[in-house]
Amino acid sequence: MIRVLSSAMSIHDSKPTDAAVATARAHANFALVKYWGKRNSELNLPDVGSISITLDALHTTTRVTLDQNLQRDELWLNGQRSPAAELRARQVLDRIREAAGVSSCCRIDSENNFPTAAGLASSASGFAALVTAATAAMRYDTPESKRSEWARMGSGSAARSIFGGFSEMAKGRLDDGTDSVARPLLDAAAWPLEVVVAITRREQKGVSSTEGMLRTAQTSPFYKAWVKHQDQDLDLARDAIAAQDFDALADVAEASALSMHGLAMSARPGLLYFNPTTLACLHRVRELRAEGTPVFFTVDAGPQVKAICMPDHRHQVSTALSEISGVTEVISSVLGPAAHLIDTV
Ligand code: PMV
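Residues numbered from 1 in each chain as written. Predicted model: local features only at pLDDT ≥ 70, side-chain atom pairs only at ≥ 80, totals over all residues. Heavy atoms only, no water.

Participant: Would you mind showing me how to read the packing of aromatic side chains here?
Facilitator: The way to describe two aromatic rings as a pair is by their centre distance and the angle between their planes. All told, the structure shown has 4 aromatic pairs when counted by the stated rule. A ring pair is formed by Trp-36 and Tyr-273, whose centres lie 6.1 Å apart and whose planes are at 80°; its orientation type is edge-to-face. In this pair, Trp-36 sits in the loop between strand 1 (21–33) and strand 2 (38–40) while Tyr-273 sits in the loop between helix 6 (246–265) and helix 7 (276–290), placing the two residues 237 residues apart along the sequence. Assigned by exposure class, Trp-36 and Tyr-273 land together as buried. Ring centres 6.2 Å apart and planes at 45° place the aromatic pair Tyr-140 and Trp-150 in the tilted group. Residue Tyr-140 is located in the loop between helix 2 (122–137) and helix 3 (144–154), and its partner Trp-150 is located in helix 3; the two are separated by 10 residues in the primary sequence. Sitting above the plane of the Phe-30 ring, Lys-306 keeps its charged end 4.2 Å from the centroid. (Phe/Tyr/Trp six-rings, centres within 6.5 Å; stacked < 30°, edge-to-face > 60°. Helix = DSSP H or I, 4+ residues; strand = E, 2+ residues; numbered from the N terminus. Buried < 20%, exposed > 50% of the residue type's maximum accessible area, 1.4 Å probe, protein only. Lys NZ or Arg CZ within 6 Å of the ring centre and 35° of its normal.)

Participant: Honestly, the nonpolar core in this entry has me stumped. Any pointers?
Facilitator: Judged by nonpolar contacts, the single largest core of 35 residues is most densely connected at Val-64 and Ile-108. Only strand 1, strand 4 (50–67), helix 1 (83–100), strand 7 (105–112), helix 2 and helix 3 provide two or more residues apiece to this core. Per-element accounting of this core gives the leading share, 9 residues, to helix 2. Ranked by size, the runner-up nonpolar core spans 31 residues in total, among them Ile-51, Ala-121, Leu-193 and Ala-250. (Core = buried A, V, L, I, M, F, W, Y, C linked by side-chain atoms within 4.5 Å.)

Printed below as a string of structure tokens:
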């Protein structure tokens, strides 16, 4: 029997009305080997593979309500209508509706428990949660790889947030993108690394990753070399994760993050995601490592710094980063689970 929820309610309420509803949660992920560049912008097919970790502390909770009274899909993000994300969400929902044989429009109520579009992977957790909730609301049972494919259409990195722990996104070769999906590499519990995120600015970033990737591919003289080199870094990171070799993972992850930012800086006009506090954090992480603390950094398309460390050193890393002038907040997290359903009614 399908119990139903009112579309006007808050995400955590539940009162019967006339639609099928599902709520899912997905967690943000940070790439250790970075994705930067698309081979097809429409389908979000990457030019390079990538490897990431999923975080427990940063997540999106999304409720999808099938509502025959709606004329078009509506996306409410943290209580506000979000037209930019709505367009992408609609395209993703169209694919799922077609596969599931469903015609109803959807109301999407989505909440992030962390700053949106500030380099904290909110689009990754957002689209992974959307696809997981939408397939459940439509009663369409799909394998994780299919959900990963649909999530990728919303945001390339979202394909990885379908999985927990460590996961790898394949570049794929097919034009339709059915092989551009993520797969799990290692469970969170198997190698319980921790992450300290230093927030250096809460406002939304200036240049989106999509725009930044496009500009980089079109204008950087180093783009082809970046694409060519990526497989080597993927091999190194995969081996480091399989062997749980922290130093090897630190080495390849920092190299990948700095290469991605160096590449982005070489676009015209150059993309500068770091602010002075970002740089101060990177230096501090390197100092800590030189003193013997197992920690390394990564940075995405924003000014926040993510320091990955062994569990016993989380407190020390967190204290060191919070003491840096300009760091407004520090968030610590263990590795997180796969995208999952919270409720289906
Ligand atoms: O999935 P997008 O479009 O948000 O791009 C993600 C880009 C980076 O975060 C910078 C790198 C990555 O692999 O997540």
